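Below are the chains, spelled out letter by letter.
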Amino acid sequence: MAPQRRALPRGPDSAGPGPGRGVRRHSSARKGRLQQDPRGRWLKAAFLLLLSAAACGGLVVWSRFRSQDGVPEGAIPGDGVPEGAIPGDGVPEGAVPGDGVPEGAIPAEGVTEVLAHRSDTLQDKFVEVPCSADYESHKRFAGCTPRKCGRGVTDAVITREEAERIRRIAERGLSLGGSDGGASILDLHSGALSLGKHFVNLYRYFGDKIQDIFTEEDFALYRDVRQRIQQRIAQVFGISSSAMYLTKPTFFSRMNSTGAKTTHDEYWHPHVDKVTYGSFDYTSLLYLSDYSKDFGGGRFVFMDADSNKTVEPRAGRVSFFTSGSENLHRVERVRWGTRFAITISFSCDPQHGIGDPRVTGHL
């Protein structure tokens, strides 16, 4: 869990002058009466004591409510997802906790099964799950819209060497900016790049200097990797790869343990891709670094009703799944080190298709 440029922050609502002044006059008059009457001072003290007790009780109730709702105490549920950022993996992941999730669907913490260990070398591993109703509210496309749903992991599509080359592309691009918080985004399609607490278009912001950062060979590798992942998804789900369209957001993510500075840095909230981005039908993640070696935490977690199913990233590993509520997921907070990945998403709707990035096409 693209990216979309942040909207300008809305200012606070203006208070109407009439009611405000009326309250002040009323308070001033009452204060005068209390100063003249000793009983007024006693009543005022009793009132303040009761008010303080009520406030403390309210804080306790609010704290319990937050913990019962699955939101860690002190965390602020994000609701501003930039276009091009997927909350849940890198993303960006900025999604509202439980967005599109039926009540009671989030399993209890600590009930976990590992779907793919970092030490595993998986040719193909696939788990079929019943499709959700999310696809029924969108136009269906024969030969593409999921009728078979599930999640898969493979280490046989992209080599470790190719993943390291892709990671260097991400590192060079993200060296031009980076978020003040723990999650940074680079979208080579739209040009969106995290910079401080905002996003900039790196193609416009840096102009011709981009040709010193990226080469056509970089983008050729990027396209080749995307095509191979697309073909594997089509093969596993029994559809034609030509019926699938690359869609936004598709982006690099870099996550570390730095505290969140804005809601866009809160990538750890549970979310559903099809609910967050209606165009999504198939989501894939190519991991570019190794769990427990390059970073701690940061595992990908499918959240089922009975247990959590985790994927431990390793460079070159591809995780892919249908994008509906059958695959509610989140990413654990990174505790140390740096986690790199690229999210590549596909739609069955040609109107939501985007082209592959090219250096010369943006300059």
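A quick note: this is a predicted structure, and the numbers were derived from the prediction, not measured.

S.K.: What is the right way to read the nonpolar core from this model?
M.R.: One recurring pattern in soluble globular proteins is that nonpolar side chains are buried together. Membership of the largest hydrophobic core comes to 44 residues, with the highest contact counts inside it found for Leu188, Phe214, Ile229, Phe252 and Tyr282. Contributing elements (two or more residues each) for this core: α3 (160–174), α4 (202–206), α5 (216–237), β8 (245–255), β9 (282–287), β13 (318–322) and β16 (339–347). No other element matches α5, which puts nine residues into this core. With residues up to four places along the chain from it excluded, the contact list for Ile229 reads Val157, Ile158, Ser284, Leu286, Val318 and Ile344. By size, the runner-up hydrophobic cluster in this structure holds 19 residues, among which are Trp268, Phe302, Val311 and Phe321.

S.K.: Got a minute to help me understand unusual backbone geometry in this structure?
M.R.: For residues besides glycine, phi is generally negative; the peptide bonds are generally trans as well. Here the bond from Lys248 into Pro249 is cis, since omega is 5°, no more than 30 degrees from zero. Along the polypeptide, Pro249 turns up in strand β8.

S.K.: How should I be thinking about the packing of aromatic side chains in this particular structure?
M.R.: Two aromatic rings are characterised by how far apart their centres lie and by the angle between their planes. On inspection of all chains with the given rule, the structure shows 12 aromatic pairs. Seen from their ring centres, Tyr267 and Trp268 are 5.3 Å apart, and the 75° between their planes marks the pair as edge-to-face. With centroids separated by 5.4 Å and ring planes inclined at 90°, the aromatic side chains of Phe302 and Phe321 adopt a geometry described as edge-to-face. With Phe302 in strand β11 (residues 300–303) and Phe321 in strand β13, the pair connects residues that are 19 residues apart, well separated along the chain. The same class applies to Phe302 as to Phe321, namely buried. The structure contains a cluster of three or more aromatic residues connected by ring pairs, namely Phe126, Phe237, Tyr282 and Phe320. Over the ring of Phe302 we find Arg151, and its NZ or CZ is 4.4 Å from the ring centre.

S.K.: Looking at this model, I keep getting lost on the sheet that holds strand β12 (residues 308–311). Mind explaining?
M.R.: Sheet strands pair by backbone hydrogen bonding; their relative direction is either parallel or antiparallel. Spatially, four strands are ordered β1-β12-β11-β14 in an open sheet, and the strand pairing comes out mixed. Single-partner strands in this sheet number two, and they are β1 (112–116) and β14 (329–331). Mean inter-strand twist for the sheet, computed between neighbouring axes without regard to direction, equals 30°. Note that β11 and β12 share four bridges and pair antiparallel. When the bridges of β12 are listed, Phe300 appears paired with Val311.

S.K.: Would you mind showing me how to read the side chain of Ser345 here?
M.R.: Position of Ser345 relative to the elements: it lies in strand β16. The exposure class assigned to Ser345 is buried, which follows from its relative accessible area of 0%. The contact partners of Ser345, leaving out residues within four places of it in the chain, are Tyr245, Leu246, Thr247, Lys248, Pro249, Thr250, Phe280 and Tyr282.

Procedures and definitions
- Residues numbered from 1 in each chain as written.
- Predicted model: local features only at pLDDT ≥ 70, side-chain atom pairs only at ≥ 80, totals over all residues.
- Heavy atoms only, no water.
- Core = buried A, V, L, I, M, F, W, Y, C linked by side-chain atoms within 4.5 Å.
- Buried < 20%, exposed > 50% of the residue type's maximum accessible area, 1.4 Å probe, protein only.
- Helix = DSSP H or I, 4+ residues; strand = E, 2+ residues; numbered from the N terminus.
- Contact = heavy atoms within 4.5 Å.
- Phe/Tyr/Trp six-rings, centres within 6.5 Å; stacked < 30°, edge-to-face > 60°.
- Lys NZ or Arg CZ within 6 Å of the ring centre and 35° of its normal.
- Pairing = 2+ DSSP bridges.
- Axes fitted to C-alpha atoms, helices over the stretch in contact; angles between N-to-C directions.

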